[in-house]
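Listed below, chain by chain, are the residues.
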Amino acid sequence: MICGLSQNGYPMEAMDLFCTTNDSNIWMDEFSLSSAISACSSISLLDFGEQIFARAIVVGLDNHQILATSLMDLYCKCGLVDHGRKLFDQLIDADSASWNSMLMGYAMNGHGGEALALFHLMRLKAVPPNEITFTAVLSACSHCGLVEEGKCWFWIMKYDYHVNPESSITLLAAALASAGDWMESSSKASDPLSPFIPPASPLTCAAAFSSGQPITTTRLAEHRFIIPSSMAVLLSSRRNLVHFLKIMQSATANPLYGHPSFWSGKLPFSNLAVFRLFQSARAGVLEVGDDDESHRVVDFPGGKIAFTPRMKFLSESPEKRVPCYRVLDDHGYLIEGALSEKDFPMDKETAVKIYGSMVTLQIMDTIFYEAQRQGRISFYLTSMGEEAINIATAAALSPNDVVLPQYREQGILLWRGFTLEEFANQLFGTKEDYGKGRQMPIHYGSNKLNFLTVSSPIATQLPQAVGIAYSLKMDNKDACAVAFSGDGATSEGDFHAGMNFAAVMEAPVMFICRNNGWAISTPVTEQFRSDGVVVKGQAYGMRSIRVDGNDVLAVYNAVRVAREMIIKEQKPILLEALTYRVGHHSTSDDSTKYRPLDEIKHWENTRSPLSRFRKWIQNNGWWTDTAETELRGSVRKQVLKAIQGAEKAEKPDVRELFTDVYDELPLNLQQQEKSLRESINKYPQDFPSGIPR
């Protein structure tokens, strides 16, 4: 009965009967188990099918070719073609069904070249073809754009092998449509779902999707077998996944999907391959256990775990390092394989503003650093060499996103409208400083600009960012939290607490780690043994990406897309930006004591993010040498003017040291304030002049 239900298009009913039979401890032969696996293939229940095959192993039926072929078919329909090919290669004297299953597996998953190669091998071994064989061949031709070859095989199968004429026309129409020649296919059938062509043809529907032809969800839902029979083909192009999910929703009234076992939870619907593929399409990775000796799967708290009789330790590091996303080369040209300029959502106005802000940040850093060396301010810290991370990130974010900086993110404030005068007021601790002179220089903050005040302790902002992100999630805000840190922060407990907290709570937060090679004098080689920072995200269960931090376009695109994913899915993302700290750690540091000067100069001159991006905008005709000269001269004057104004500005009153904590000043603080005023009056030469008393 299980065989009958499975073969006649009732996979859900077949699975329901299989579960009942299994619960009743009734013995099932290889045909029953094979039919159950085939039913799983129809609806892409990968985990369930593997468990059935595991049962076959337990009862000693795993050597039957029919079972191996069914599992191979399941793998292929779930998109795991490599797993299917492994099984196929292990089969001795594979029969026609096995060849056709593997052939169709390649075709359904978009591996047209592999399908055609296997077909030619099949012909050399004199394996007799049938309609399924030619279905796969024409599908492979359509994927490879081999329209003429598809036409050739059409006539061969029609006249040499006498395949059903109507099916032949269907397949040819699909091949032509998927190859882009929809007009020619339409001349053979005015409607891809017309009565002339079998309405449930998976290839025809897939072709219509690929070519952008309108196929309404209502019409698809009318046909009982259109979804299960054509799932893998429809999904061979992952751009169809969102549309396909809508079809699934509209088909709930269908008799097949209305079956109570489908929605009641008796079968693991959440493990459908469509959702695995959908998650894979977004994350860019689909990982499946590679242990061919896994025998049993057991539910542990947190998920299913496969057992294996083979002892195997995980490697301390992957064989290949995680690649770094990059768009522009060092000369400002798009690297091979990158998208064209028209695909970047950056117009001239945005690009010029980004470059202007980077130049402003560079000049501001240079002059304020010199001011500290002259004794005019007590401390300063630059972002030299890391301007792209600052400005490109700011440009890709929304003003509503809450930024929690480390201490090298002044460019974010600059982009959001923090003026040079506001920077100078903080550095010089004037009356206009939002921190009222209480903080040491470079500890900026702005409520208005959603920029939390810099704090000196390393990594404390990371768990705080998760809390802020979770509050945004609770309030349904269209915003996320963005927390910055350096490579040295990964050695702090707060880094790991924040990462795990974010992943478990699914908080909409973006962690941006500026891996600039040095944590003051500690190189990254002494900071961690892992492949940088990017792999730490996966360890905590969050998506991650490694980006060239000196490439404005790469940073801008990565942050923009990451933010969209975070807002849409309400989940965290880790972004590692590879860069180099050209300046000293701060004015309290001399980096030439622990790294060669030649190395610094190389990154300052050859690998400069400003030079690279300037070449790109100049190549586009958006920037000139004259504009460069005018900009730098203007910014320098503005910074010097801001410094002069801050030096002359009034300082905060002494009493501001004791305000903004208690509503009513406690007695001990009143005594401290009195004692301080007495000391200032008694020893005025030991205190800065101009402080209101």
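Please refer to the structure placed before this passage.
Residues numbered from 1 in each chain as written. Predicted model: local features only at pLDDT ≥ 70, side-chain atom pairs only at ≥ 80, totals over all residues. Heavy atoms only, no water.

**Digging into the pairing of strand β9 (residues 573–578)**
Rules: Burial here depends on accessible area, computed with a 1.4 Å probe over protein chains only, as a share of the maximum for the residue type. Under 20% is buried, over 50% is exposed, and the range in between is partly exposed. Note on conventions: DSSP H or I runs of at least 4 residues are helices, E runs of at least 2 residues are strands, and numbering of each starts at the N terminus. For two strands to pair, DSSP has to find at least two bridges joining them. A crossover counts as right-handed when, viewed with the strands pointing away from the observer, the path leading from the first strand over the helix to the second turns clockwise.
With five of six residues buried, β9 is to be regarded as a mostly interior element. With six bridges connecting them, strand β5 (residues 509–515) and β9 associate as parallel partners. Residue pairing in the sheet places Phe511 in a bridge with Leu574 of β9. When strand β8 (residues 543–548) meets β9, the two strands line up parallel, connected through six bridges. Bridging from a neighbouring strand, Ile545 pairs with Leu575 of β9. In terms of handedness, the path from β8 via helix α26 (residues 552–569) over to β9 forms a crossover that is right-handed.

**What to know about the packing of aromatic side chains**
Where two aromatic rings form a pair, the distance of their centres and the angle of their planes describe that pair. For the record, the criterion: Pairing of aromatic side chains here covers Phe, Tyr and the six-membered ring of Trp, requires ring centres within 6.5 Å, and sorts the geometry by plane angle: under 30 degrees stacked, over 60 edge-to-face, intermediate tilted. Put simply, a charge is over a ring when the Lys NZ or the Arg CZ is close to the ring centre, within 6 Å, and near the line of the ring normal, within 35 degrees.
Overall, the coordinates contain ten aromatic pairs when judged by the stated rule. Seen in terms of ring centroids, Phe418 and Tyr444 are 6.3 Å apart; in terms of plane orientation they differ by 65 degrees. Their pairing is edge-to-face. With Phe418 in the loop between α21 (410–416) and α22 (420–428) and Tyr444 in the loop between α22 and α23 (461–474), this pair connects stretches of sequence that are 26 residues apart. On the basis of relative accessible area, Phe418 is assigned to the buried category, the value being 3%. The exposure class assigned to Tyr444 is buried, which follows from its relative accessible area of 3%. Both rings, one in Phe423 and one in Tyr444, keep their centres 5.0 Å apart while their planes meet at 90 degrees; by these two values the pair is edge-to-face. A residue pair is termed long-range when its members are at least 10 positions apart, and Phe423 in helix α22 and Tyr444 in the loop between α22 and α23 qualify at 21 residues. The exposure classification of Phe423 matches that of Tyr444, with both residues buried. Taken together, the aromatic side chains of Phe418, Phe423, Tyr434 and Tyr444 make up a single cluster linked through ring pairs. When the ring centre of Trp415 is taken as reference, the NZ or CZ atom of Lys353 above it lies at 4.3 Å. Here the basic side chain of Arg607 rests over the ring of Trp603, its NZ or CZ set 4.4 Å away from the ring centre.

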